[in-house]
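Given next are the chains, with one letter for each unit.
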Amino acid sequence: MGAEMYPKELSMGSEDTKWEITANRMKYLQDGRVYIAEGDVTIRKGAQVLSAQYAKYDEKTGIVEVEGRVRLETNGDVLTADEGTFDLRSHTGQMKNGRIFLRQNHFYVSGEVVEKTGANTYLVKGCRLTTCDGEKPDWSITGSEVKVTIEGYGVVKDT
């Protein structure tokens with residue numbers, strides 16, 4: 001009925017979609033089949049690592065809500081944000097005030113809303129693009145929306 005406390009590490013999902021989660025504190029809400037993790041949360045599957053300060057994982061839907069220093073790293077590509085929601089089964093999600101770093105072309109895309117629309121694709125709204133490091137780049141392109149693929153292709157609207 002209530003919340004059960006869990007060790008600081010556990011596995012979630014079926015055998016082919018298994019994710020490992022670690023945190024300072026975790027509990028399981030049996031009624032809703034929901035895991036709550038707080039403090040230095042890390043959710044990992046192979047080369048994919050999602051970290052935040054808070055996570056709520058719905059076992060029925062495969063969706064995790066994360067807040068606080070959110071960071072998703074996959075094969076050297078890094079997505080950071082204030083908060084977000086991810087479907088761990090389809091590898092899609094949405095983040096607020098996000099920034100993507102695509103390692104292969106040393107390319108940054110930031111925006112008000114960052115949607116991970118597939119394993120290798122993103123849609124960023126209210127966007128800024130640059131290849132410069134740092135918070136104040138020497139140059140950038142802004143637009144209302146950009147569609148980006150990991151291979152480095154992008155289409156910007158209203159530049």
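Our subject is the structure listed above.
Residues numbered from 1 in each chain as written. Predicted model: local features only at pLDDT ≥ 70, side-chain atom pairs only at ≥ 80, totals over all residues. Heavy atoms only, no water.

**Digging into the environment of Asp77**
Among the structural elements, Asp77 can be located in strand S8 (residues 77-87). Relative accessible area serves as the criterion here: at 13%, Asp77 is assigned to the buried category. Distance in space between the C-alpha atoms of Asp77 and His106 is 9.4 Å, their sequence separation being 29 residues. Among the polar contacts made by the side chain of Asp77, one reaches the main-chain amide nitrogen of Arg103 at a distance of 2.8 Å. (Helix = DSSP H or I, 4+ residues; strand = E, 2+ residues; numbered from the N terminus. Buried < 20%, exposed > 50% of the residue type's maximum accessible area, 1.4 Å probe, protein only. Polar contact = N/O pair within 3.5 Å; in protein donor to acceptor, adjacent residues only side chain to side chain.)

**What about unusual backbone geometry?**
Despite not being glycine, Arg69 has its phi angle at roughly 50 degrees, a positive value. A positive phi angle is found at His91, which is not glycine, with a value near 60 degrees. Of note, His91 is situated in the loop between S8 and strand S9 (92-102).

**Topic: the pairing of strand S7 (residues 63-74)**
Bridge count for strand S6 (residues 48-58) against S7 is nine bridges, and the pairing is antiparallel. Residue Asp58 lies in a different strand from S7, and its bridge partner there is Ile63. Of the strand pairs in this sheet, S7 and S8 are connected by ten bridges, and their pairing is antiparallel. Residue Val66 lies in a different strand from S8, and its bridge partner there is Gly84. Connecting S7 to the next strand, S8, in antiparallel fashion are two residues, including Asn75 with a positive phi near 50 degrees. (Pairing = 2+ DSSP bridges.)

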